[in-house]
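Survey of secondary and tertiary structure
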Amino acid sequence: MMKPILFLGGGRITGALCAGLRLAGDQRSIAVYDRHPEKLRALRRKSGVEIARDLKVAIETASIVVVAVRPGSVSEMLSEVSALAVKLPRLWISLAAGIPLANLRRWLPGVRWVRVMPSPVCRIGKGLNPVSFDLSVSTGERRKVRRLFAQVGPTFEIQESQMDAITATHSSTHGYHALAWLAKEAHRAGLDEKTSLIAAAHALADGIFYWRESGLSLDELLHEAATPGGIAAATMKAMDRAGYGQAVAKGLAAGIAQARRNASG
């Protein structure tokens, strides 16, 4: 019998990944260790995970360990693991935003580290999973990690120096945030709430889907959709004048800065 994948932390991203893996038909054993029993019961009910009650036993019997606690708790979690004085699985994956490989190696040496920043949309198999590997990770182990995460969305390798920028950029909250504001202002302009959401979701989701499927560039699509002198062109021009680009730039800069604070915290 294959050893289970062990998640340290039973929060939102663990729940999304477990749901996405089950949706993809992956029936391998998944164990989750967390100090909050209600989280574990919910994960067992929804995704059929095993509850890891004893951290030492869970570590000893795991094939891969996925560290899925908050960035500020990673050092403490790894210190707890180190204190167990057990033989550790060789491959460890961190989902902690902003925590570099150098910190992970220092906090838990002697294992092979991988960083992955999965999107919560992996819950429905539509995630995006940038990966950075420590130099010690073998070709076979890299293939194993890519295969695991590819089940829940496109998975690709990037330089670790790019990880903070992509973490701030690929978050699905950008879409939710834009959807909330566009629908709110449409409602203020006179549409009922349901129609406001339908219209705003079409503008964002269906428009982006068309970009993906058409093979056209953004410039071509903007030219197609925003006729000079038309409503769309006037809307975009006003948004740009109001500082739309600057707002996006400031948002990404703040996200990257927070990731770097995570690294030094």
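Here the structure is shown first, and the text comes after it.
Okay, so let's go over this structure. Small disclaimer: the values here were computed from a predicted structure and weren't measured.

**Concerning the pairing of strand β2 (residues 30-33)**
Side-chain alternation along β2 places Ile30 and Val32 on one buried face and Ala31 and Tyr33 on a second face that is also buried. In this sheet, β2 lies alongside strand β1 (residues 5-8) in parallel orientation, the contact comprising four bridges. Each bridged residue has a counterpart across the sheet, and for Leu8 the counterpart in β2 is Tyr33. Taking the sense of rotation as the criterion, the β-α-β connection linking β1, helix α1 (residues 12-23) and β2 turns out right-handed. Relative to strand β3 (residues 50-51), β2 runs parallel, the two being bridged by two bridges. Looking across to β3, one finds that Ala31 is bridged to Glu50. Handedness of the crossover joining β2 and β3 through helix α2 (residues 37-47): right-handed.

**What to know about the packing of aromatic side chains**
Per the counting criterion, the structure on display carries one aromatic pair. Where Trp92 meets Trp113, the ring centres are 5.7 Å apart and the plane angle is 55°; that geometry is what we call tilted. Taken as a pair, Trp92 in strand β5 (residues 91-94) and Trp113 in strand β6 (residues 112-116) lie far apart in primary sequence, 21 residues in all. For the pair formed by Trp92 and Trp113, the shared burial category is buried.

**Details of a nonpolar patch on the surface**
On the surface, Ile208, Trp211, Leu218 and Leu222 cluster together into a nonpolar patch covering about 410 Å² of accessible area. Going through the elements one at a time, α9 (193-214) and α10 (218-225) are the ones with two or more residues in the nonpolar patch.

**Here we look at the layout of surface pockets**
Estimates place the volume of the second largest pocket at around 170 Å³. Every residue lining the second largest pocket is listed: Gly10, Gly11, Arg12, Gly15, Ala19, Lys39, Ala42, Leu43, Lys46, Ser47 and Arg123. The dominant element in the lining of the second largest pocket, judged by the number of residues it contributes, is α2, at five residues. Among the residues making up the lining of the second largest pocket, the classes are represented as three nonpolar, four polar and four charged.

Scoring rules and cut-offs
- Residues numbered from 1 in each chain as written.
- Predicted model: local features only at pLDDT ≥ 70, side-chain atom pairs only at ≥ 80, totals over all residues.
- Heavy atoms only, no water.
- Buried < 20%, exposed > 50% of the residue type's maximum accessible area, 1.4 Å probe, protein only.
- Helix = DSSP H or I, 4+ residues; strand = E, 2+ residues; numbered from the N terminus.
- Pairing = 2+ DSSP bridges.
- Right-handed = clockwise from strand over helix to strand, strands pointing away.
- Phe/Tyr/Trp six-rings, centres within 6.5 Å; stacked < 30°, edge-to-face > 60°.
- Patch = residues over 30% accessible without salt bridge, like charges linked within 9 Å, V, L, I, M, F, W, Y side chains within 5 Å.
- Areas by Shrake-Rupley, 256 points an atom, 1.4 Å probe, with all protein chains shown as cover.
- Salt bridge = Lys/Arg side-chain N within 4 Å of Asp/Glu carboxyl O.
- 1 Å grid on protein atoms, 1.4 Å probe; cavity = no way out; pocket = protein on both sides within 12 Å on 5 of 7 lines; lining within 4 Å.
- Points joined across faces, edges and corners; volume = space filled by probe spheres on them.
- Nonpolar A, V, L, I, M, F, W, Y, C, P; charged D, E, K, R; others polar.

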